[in-house]
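The residues making up each chain are set out below.
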Amino acid sequence: MTHDDPTPQRSSSSTLLEIRDLNLDFGTPRGRIHALRNVSLDVPAGQVLGIVGESGSGKSTLAYTVMGLLSENADVTAGSIVFEGKDLLKMPAQARRALLGDRLSMIFQNPMTALNPVRTIESQMIDIQHHEQGSRREKRARAIDMLHRVGIPDPESRIVACPHHFSGGMRQRICIAMALLVKPALLVADEPTTALDATLEVQIIHLLKELQKEIGCSVLFVSHHLGAVAELCDRVAVMYAGEVVEEGAVRDIFHNPGHPYTRALLECDPGRIKKRTRSLPTIPGEVPSLLGSKVGCIFRTRCQHAFNRCVQENPVEYRIGLDQVARCHLLDEERLVSV
Ligand code: ATP
Ligand code: SF4
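In this text the structure is predicted, and so the values were computed from the model without any measurement. (Residues numbered from 1 in each chain as written. Chains lettered and ligands numbered in written order. Predicted model: local features only at pLDDT ≥ 70, side-chain atom pairs only at ≥ 80, totals over all residues. Heavy atoms only, no water.)

### Section: the layout of surface pockets
Next, step 1: In this model, the largest pocket occupies a volume close to 430 Å³.
Next, step 2: Lining the largest pocket we find 19 residues, and of these Gly 101, Phe 108, Ala 114, Ile 128 and Met 178 sit closest to its centre.
Next, step 3: Of all the secondary structure elements, the ones that give two or more residues to the lining of the largest pocket are β7 (104-107), α3 (121-127) and α6 (168-181).
Next, step 4: Counting the residues that make up the lining of the largest pocket, at least three belong to each of domain 1 (15-103 + 186-338) and domain 2 (116-183). (1 Å grid on protein atoms, 1.4 Å probe; cavity = no way out; pocket = protein on both sides within 12 Å on 5 of 7 lines; lining within 4 Å. Points joined across faces, edges and corners; volume = space filled by probe spheres on them. Helix = DSSP H or I, 4+ residues; strand = E, 2+ residues; numbered from the N terminus. Domains from an automatic or database assignment.)

Following this line, the structure appears as structure tokens:
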């Protein structure tokens, strides 16, 4: 493992989505919750970036910020989100809304967030193609073809049914069909398989992978399930308490994690635990409160390796090898020893 200079430059030539120094607070009666702190990430064109981390680490907030679907008490205090060369945060609201269901689309954890319960799948799938050329008949044919692709049996006759006639797994397939029907440049998927059983999850992940390759879109895939991330993603960003603590290619992060939090997360992954056990391990300690400003490393209260510097200074990004970065002072200490 080699550690180069801190704060490496990120590439931008084939980057579809470029998030830089993003800071977001939620206003609450208890004070401002700093839900995202200095988040910088790239989603390369045609690739899948997974976002992992414990509950409350800011994964969904990041996904919703990219989509512009935040609650009223959210306040982006700094940073940029450049998508196809334009900063989404500086775009007029109407132009930003026009991207949804066109260049940007989303799959939610609960399919009923996206589906209207009292309208037929047919009308919803035709409406979602409002940016596309073609007659209603052609759009209907495209919708049937897409339902077929995602494995809905007998789509010709079932397209006229309302969402409640389908099981949870089938509804999620319909949502995937709708999200991909518009051939987005970026698909944001927020825990799309969390509500499904393990067999359905595998099927949905394979389906997403197949369709992503076929359409050539990029995907921002939020999940707490490391196995699903390993299966689907090219790259992973690990979030902790509102910060990205490590980022890199899937194989590097899973085989050579550089950050103590990533290592702890992997050690607690049920998919990696070989011994039979009644209770699954968890990372000792709790995610810190996100209220107020923070000095030092955000993970220090749970880190077995914390030392003086971790209390005083927030670590910058250090490069590990060619294609992986992590925020941990240990990487700097090792670098100092090796030069
Ligand atoms: P999970 O896996 O449980 O969905 P997550 O990593 O997606 O967690 P977020 O849902 O993004 O985490 O939440 C990040 C932090 O922001 C949490 O502390 C959460 O309580 C807080 N938060 C999220 N939405 C709001 C809101 N509308 N108002 C106040 N606080 C919020
Ligand atoms: Fe642990 Fe310090 Fe590294 Fe933070 S900077 S992860 S506290 S060793």
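### What to know about empty space enclosed by the protein
Next, step 1: Counted under the stated rule, the structure contains two cavities of 30 Å³ or more.
Next, step 2: Counted as a void, the largest cavity has a volume near 100 Å³.
Next, step 3: Taken together, 15 residues line the largest cavity, and the ones lying closest to its centre are Pro 260, Cys 297, Cys 303, Cys 310 and Cys 328.
Next, step 4: Looking at the lining of the largest cavity, its residues break down into ten nonpolar, three polar and two charged.
Next, step 5: Taken as a whole, the second largest cavity spans an internal volume of roughly 40 Å³.
Next, step 6: What lines the second largest cavity is simply Val 52, Leu 226, Val 236, Val 238, Ile 253, Phe 254, Thr 262, Leu 265 and Leu 266.
Next, step 7: Elements that contribute at least two residues to the lining of the second largest cavity include exactly β10 (235-240), α9 (250-255) and α10 (260-267).
Next, step 8: Per-element tally for the lining of the second largest cavity: the top contributor is α10, with three residues.
Next, step 9: Split by residue class, the lining of the second largest cavity holds eight nonpolar, one polar and no charged. (Nonpolar A, V, L, I, M, F, W, Y, C, P; charged D, E, K, R; others polar.)

### Thoughts on the sheet that holds strand β6 (residues 86-87)
Next, step 1: Taken together, the four strands give an open sheet; going across it, the order is β3-β2-β5-β6, and neighbouring strands pair in antiparallel fashion. With partners counted over all chains shown, the strands left at the sheet margins are β3 (31-44) and β6, one partner each.
Next, step 2: With two bridges joining them, strand β5 (residues 74-83) and β6 adopt antiparallel strand pairing. Paired with Phe 83 across the two strands is Lys 86, which belongs to β6. (Pairing = 2+ DSSP bridges.)

### Section: the site of ligand 2
Next, step 1: Ligand 2 sits among 13 residues. The nearest are Cys 297, Cys 303, Cys 310, Cys 328 and His 329.
Next, step 2: Because more than half of its atoms lie within 2 Å of the grid, ligand 2 is assigned to the largest cavity.
Next, step 3: Partitioning the shell around ligand 2 into residue classes produces nine nonpolar, three polar and one charged. (Near = heavy atom within 4 Å. Sits in = over half its atoms within 2 Å of the grid points.)

### Things to note about the packing of α6 against helix α7 (residues 198-215)
Next, step 1: It is the contact of α6 with α7, at a shortest axis distance of 11 Å, that shows an interaxial angle of 10°. With respect to each other, α6 and α7 are oriented roughly parallel. Contact residues: α6 offers Gly 169, Arg 173, Ile 176 and Leu 180, while α7 offers Leu 200, Gln 203, Ile 204, Leu 207, Leu 208, Leu 211 and Ile 215.
Next, step 2: In the contact of α6 with α7, the residues fall into eight nonpolar, two polar and one charged. (Axes fitted to C-alpha atoms, helices over the stretch in contact; angles between N-to-C directions. Parallel < 35°, antiparallel > 145°, perpendicular 65-115°, else oblique. Contact = heavy atoms within 4.5 Å.)

### Structural notes on the site of ligand 1
Next, step 1: What surrounds ligand 1 is a group of 16 residues, the closest being Ser 55, Gly 56, Lys 59, Ser 60 and Thr 61.
Next, step 2: Between Gly 58 and ligand 1, the recorded distance is 3.0 Å, taken from a backbone N or O atom to an oxygen atom.
Next, step 3: Taking Asn 73, its side chain carries an N or O atom lying 2.9 Å from a nitrogen atom of ligand 1.
Next, step 4: Within the complex, the protein chains bury 66% of what would otherwise be the 640 Å² of accessible surface of ligand 1.
Next, step 5: Mapped by element, the contributors of at least two residues to the shell around ligand 1 are β2 (15-28), β3 and α1 (59-67).
Next, step 6: Along the lines of polarity and charge, the residues of the shell around ligand 1 split into four nonpolar, nine polar and three charged. (Polar contact = N/O pair within 3.5 Å; in protein donor to acceptor, adjacent residues only side chain to side chain. Areas by Shrake-Rupley, 256 points an atom, 1.4 Å probe, with all protein chains shown as cover.)

### Regarding the domain arrangement of the protein
Next, step 1: Looking at the protein, the domain boundaries give domain 1 (15-103 + 186-338) and domain 2 (116-183).
Next, step 2: Just the C-alpha atoms count here: the centres of domain 1 and domain 2 sit 31 Å apart.
Next, step 3: The interface is formed by 18 residues belonging to domain 1 together with 14 residues belonging to domain 2.
Next, step 4: Carbon and sulfur atoms supply 67% of the area that domain 1 and domain 2 bury against each other, a total of about 1400 Å² over both sides.
Next, step 5: The three residues of domain 1 that bury the most area against domain 2 are Leu 207, Leu 211 and Ile 215, which together make up 32% of that side's buried surface. (Buried area = accessible area lost by both parts, 1.4 Å probe.)

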